[in-house]
Number of protein chains: 2
Amino acid sequence: MIQRLAVVGVGLLGGSVAKAARAQGIVREVIGIGRDRARMQAALDDGGLDHATSDLAEGVRGADFIVLAAPVRAIEDLLERLWDAAPADAVVTDVGSSKTDIVRCAARLARRRPLAFVGSHPMAGSEKSGYAVARTDLFRGALVVVTPTEASDARAVKLVTAFWEHVGARVTTLDPEAHDASVAAISHLPHLVACALMDAVSREAPRALDLAARGFKDTTRIAAGDPQMWQEIFLANREPLTRAVGAFRRSLEELDRLVQNGDPAAVAAALARIKASREALA
Amino acid sequence: MIQRLAVVGVGLLGGSVAKAARAQGIVREVIGIGRDRARMQAALDDGGLDHATSDLAEGVRGADFIVLAAPVRAIEDLLERLWDAAPADAVVTDVGSSKTDIVRCAARLARRRPLAFVGSHPMAGSEKSGYAVARTDLFRGALVVVTPTEASDARAVKLVTAFWEHVGARVTTLDPEAHDASVAAISHLPHLVACALMDAVSREAPRALDLAARGFKDTTRIAAGDPQMWQEIFLANREPLTRAVGAFRRSLEELDRLVQNGDPAAVAAALARIKASREALA
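Caption draft 1: Representation of the overall build of chain A. Helix and strand content of chain A: 11 helices and 9 strands. For chain A, the spread of C-alpha atoms along the principal axes amounts to about 70 × 40 × 30 Å. A buried classification covers 52% of the 282 residues belonging to chain A.

Caption draft 2: Up close: the nonpolar core. With 201 residues, the main nonpolar core has Val7 and Ile66 of chain A together with Val7 and Ile66 of chain B as its most contacted residues. Leaving out residues up to four positions away in the same chain, valine 7 of chain B has contacts with Gly14, Val17, Ala18, Val30, Gly32, Ile33, Val67 and Ala69 of chain B.

Caption draft 3: Seen up close, helix 5 (residues 100–110) of chain B. Every buried residue belonging to helix 5 of chain B is among Thr100, Ile102, Val103 and Ala106 of chain B, and all of these are buried. Contacts from the buried residues of helix 5 of chain B go to helix 4 (75–83), strand 5 (91–94), strand 6 (116–117), strand 7 (119–123), strand 8 (143–147) and helix 7 (176–204) of chain B.

Caption draft 4: Here's a closer look at the interface of chain A and chain B. Tallying the contact residues gives 70 residues for chain A and 69 residues for chain B. The set of elements that each furnish at least two residues to the side of chain A that touches chain B consists of strand 8 (143–147), helix 7 (176–204), helix 8 (214–220), helix 9 (227–236), helix 10 (238–261) and helix 11 (264–281) of chain A. For the side of chain A that touches chain B, the class distribution of residues is 46 nonpolar, 13 polar and 11 charged.

Caption draft 5: Main features of the domain arrangement of chain A. Residue and element names in this part refer to chain A. Split into domains, chain A comes out as domain 1 (2–174) and domain 2 (179–281). In this structure, domain 1 and domain 2 have C-alpha centres spaced 32 Å apart. Of the residues lining the interface, 14 residues belong to domain 1; the matching set on domain 2 comes to 12 residues. Elements with a contribution of two residues or more to the side of domain 1 that touches domain 2: helix 5 (100–112) and strand 8. Across the side of domain 1 that touches domain 2, the residue classes tally to 4 nonpolar, 6 polar and 4 charged.

Caption draft 6: A look at the packing of helix 10 of chain A against helix 7 of chain B. The N-to-C vectors of helix 10 of chain A and helix 7 of chain B enclose an angle of 125 degrees; their axes lie 8 Å apart at closest approach. With respect to each other, helix 10 of chain A and helix 7 of chain B are oriented oblique. Note on packing geometry: the crossing formed by helix 10 of chain A with helix 7 of chain B is right-handed. Contacts from Ala247, Phe248, Arg250, Ser251, Leu252 and Leu255 of chain A of helix 10 of chain A reach helix 7 of chain B at Leu192, Val193, Cys195, Ala196, Leu197, Asp199, Ala200 and Glu204 of chain B. Taken together, the residues that form the contact of helix 10 of chain A with helix 7 of chain B break down as 10 nonpolar, 1 polar and 3 charged.

Caption draft 7: Spatial organisation of the relation of the copies chain A and chain B. Of the transformation superimposing chain A on chain B, the axial component is 0.0 Å and the angular component is 180 degrees, with the fit at an RMSD of 0.1 Å. Accordingly, the operation relating the two chain copies is best matched by a two-fold axis. Scanning chain A for the C-alpha nearest the rotation axis identifies threonine 219 of chain A, at a separation of 2.9 Å. In this assembly the copies share their binding face: 99% of the residues contributing to the interface of chain A also contribute to that of chain B.

Caption draft 8: Highlighting the pairing of strand 5 of chain B. Residue and element names in this part refer to chain B. Side-chain alternation along strand 5 places Val91 and Thr93 on one buried face and Val92 and Asp94 on a second face that is also buried. Looking at chain direction, strand 4 (residues 65–68) and strand 5 are connected through 4 bridges and run parallel. When the bridges of strand 5 are listed, leucine 68 appears paired with aspartate 94. The β-α-β motif built from strand 4, the intervening helix 4 and the parallel element strand 5 has right-handed crossover chirality. With 2 bridges connecting them, strand 5 and strand 6 associate as parallel partners. The residue of strand 6 that forms the bridge with valine 92 is phenylalanine 117.

Caption draft 9: The arrangement of the sheet that holds strand 9 (residues 170–173) of chain B in detail. All names here are of chain B. Read across the sheet, 3 strands follow the order 7-8-9 without closing on themselves; strand pairing throughout is mixed. With one partner strand each, in any of the chains shown, strand 7 and strand 9 form the two edges of the open sheet. Taking each pair of neighbouring strands and ignoring which way they run, the sheet shows an average axis angle of 25 degrees. Pairing between strand 8 and strand 9: 4 bridges, direction parallel. What sits directly across from valine 145, in strand 9, is threonine 172. Its contacts with the sheet place helix 6 (residues 154–166) against strand 7, strand 8 and strand 9, and it is angled at close to 175 degrees to strand 8.

Caption draft 10: Fine view of the environment of threonine 161 of chain B. Residue and element names in this part refer to chain B. Position of threonine 161 relative to the elements: it lies in helix 6. Expressed as a C-alpha distance, the spacing of threonine 161 and glycine 14, which sit 147 residues apart in the sequence, is 17 Å. Setting aside residues no more than four positions away along its own chain, threonine 161 makes contact with Val146 and Val171.

Caption draft 11: Spotlight on helix 6 (residues 154–166) of chain A. Residues and elements named next belong to chain A. Here helix 6 contains 13 residues, and its C-alpha end-to-end distance of 18 Å stays within 8% of the 18 Å for a straight helix at 1.5 Å per residue. Within helix 6 the residues assigned to the buried category are Ala156, Val160, Thr161, Phe163 and Trp164. Down the axis, helix 6 shows its buried residues gathered within 155 degrees of arc, on one side only. Set apart from the buried face of helix 6 by more than 90 degrees, the exposed residues are Ala154, Arg155 and Ala162. In the core, the buried residues of helix 6 are packed alongside strand 4 (65–68), strand 5 (91–94), strand 6 (116–117), strand 7 (119–123), strand 8 and strand 9 (170–173). Following helix 6 by one or two positions, glycine 168 adopts a phi angle in the positive range, close to 100 degrees.

Caption draft 12: Summary view of the sheet that holds strand 3 (residues 51–53) of chain B. All names here are of chain B. Spatially, the 6 strands line up as an open sheet ordered 3-2-1-4-5-6, and their pairing is parallel. In this open sheet, the two strands that pair with only one neighbour each are strand 3 and strand 6. On top of the sheet, helix 1 (residues 12–23) reaches strand 1 (2–8), strand 2 (27–33) and strand 4; it is set at about 165 degrees to strand 2, its chief contact.

Caption draft 13: Summary view of the environment of glutamate 150 of chain A. All names here are of chain A. Position of glutamate 150 relative to the elements: it lies in the loop between strand 8 and helix 6. A count of 5 C-beta atoms within 10 Å places glutamate 150 in the exposed class. In the structure, glutamate 150 is positioned 121 residues away from leucine 271 in sequence and 42 Å away in space, judged by C-alpha atoms.

Caption draft 14: Focus on the pairing of strand 1 (residues 2–8) of chain A. All names here are of chain A. The element strand 1 is largely enclosed, with a buried count of 5 among its 7 residues. As defined by bridge partners, strand 1 adjoins strand 2 (residues 27–33) across 6 bridges and the pair is classed as parallel. In the sheet register, isoleucine 2 faces strand 2, and the bridge partner there is valine 27. Handedness of the strand 1-helix 1 (residues 12–23)-strand 2 crossover: right-handed. Bridge analysis of strand 1 against strand 4 gives 4 bridges, and the strand direction is parallel. In the sheet register, valine 8 faces strand 4, and the bridge partner there is leucine 68.

What counts as what
Residues numbered from 1 in each chain as written. Chains lettered and ligands numbered in written order. Predicted model: local features only at pLDDT ≥ 70, side-chain atom pairs only at ≥ 80, totals over all residues. Helix = DSSP H or I, 4+ residues; strand = E, 2+ residues; numbered from the N terminus. Buried ≥ 20, exposed ≤ 12 C-beta atoms within 10 Å, placed from the backbone. Core = buried A, V, L, I, M, F, W, Y, C linked by C-beta atoms within 7 Å. Contact = placed C-beta atoms within 7 Å. Nonpolar A, V, L, I, M, F, W, Y, C, P; charged D, E, K, R; others polar. Domains from an automatic or database assignment. Axes fitted to C-alpha atoms, helices over the stretch in contact; angles between N-to-C directions. Parallel < 35°, antiparallel > 145°, perpendicular 65-115°, else oblique. Left-handed = near helix turned anticlockwise from the far one by under 90°. Least-squares fit on C-alpha atoms with pLDDT ≥ 70 in both. Pairing = 2+ DSSP bridges. Right-handed = clockwise from strand over helix to strand, strands pointing away. Expected span 1.5 Å × (residues − 1). Arc of directions from axis to C-beta.

Put into structure tokens, the structure is as follows:
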């Protein structure tokens, strides 16, 4: 049971954290911290929040559980500002889509003042954003990666894991570097590839778009994602993403070379190997 | 009204041509030509075909409309074998996924003996194949590209267009080279890219697959397509596909470079441009 939950950033993820914790009855009081007055008012009006403030130090006062739900590139700055203001026994987590830099930042701050932090990445979301689309069931069935290190406070890991499980998520743990390499491969790379595909066809074969059917539209749908959000995600996970792009380019070049060589058996063998790996994914 | 429709290859596409023409009442008699006895029997049993034979010359005798519905790499060989056996007034089309080589082959044969041919590419299909999944409504609402050249017989273009429209398709015409460049961009390239993505992640970041959610699965689903069929499609359209891969690699390298440079405004601007082109697609 959380006595006072402080949510920093009341958008889709932060708003859903507040609503889901409330709906599950695992929190007595919810404080929202954000700058957008109208959004905060909506959350007060519908009961998602008990109190709202734009003052971080005021908002986290007395909180025993603090969730940083700001855009990924803002989280390190928030951590710095939060660190001295948070109660000594508070447990802090975040929802950033990459973890290495954030976890390192918290470890650096912890040398100055011990505070229980462990990173989280709820793999839930939507093409839409903002409190208006926040939902009590956003995390139901979603995967949340919790990223402890050897230095992590065991109580924090336990509480953060329990929190996500209570709002319906499946929790898995990975070290921050393994997490970042994984999301680069299965989320950020496919997004960059969809963008490159849309870009290449619209620039170099625009007439082909007249023939675009469901397949092409499905493949490129994510290329219409929010540019600001994806710029932040890409840059926050730049090095793992660059390595994933390198691996992808090697596979693409190999397939391209096989097609250019024109050996039917070699092309079919490569495609059969890839089919088997896709089918193993289920 | 077609008196005798001969369908060469009674799988998903050929079977659907037979069934749809029958259902629309635009054909008096349907002859199926194929090598698979069991499949042909199924089509005779359910009334899709009136007669079935494995002998091409026998099958096209007396036919006024002939549809070659074999795998794309087999169509040129079939054209050669069919050309002298077809009645002088027959109209011939095919359903191959690339058109330049097939149309050139027909033009070469026409110098020996005039015969009315025009290429078609019905952009309809399924991950499944075979007569068992053939449907009367496969072409309903589908786009069919008809690919006449300056040398094409006007009556053939008119009849082939009318045929596809009668079975419910929207027909557009493109010259064979423009068609091949277009399908390379919006169909074959996305397929190759999905294969490379699946390949890269399964080879170089297999643990990441544990985190794969709906997005990654949707993006890579087509990588489980039939290896033999896609090998044929890729190799039949090798040059346009190679050019499309080149355009894609340039776009990917540009995005990769922007991410590596780390300028937020430049990355956001590129993503905004791509978002706009995706939204223009609807």
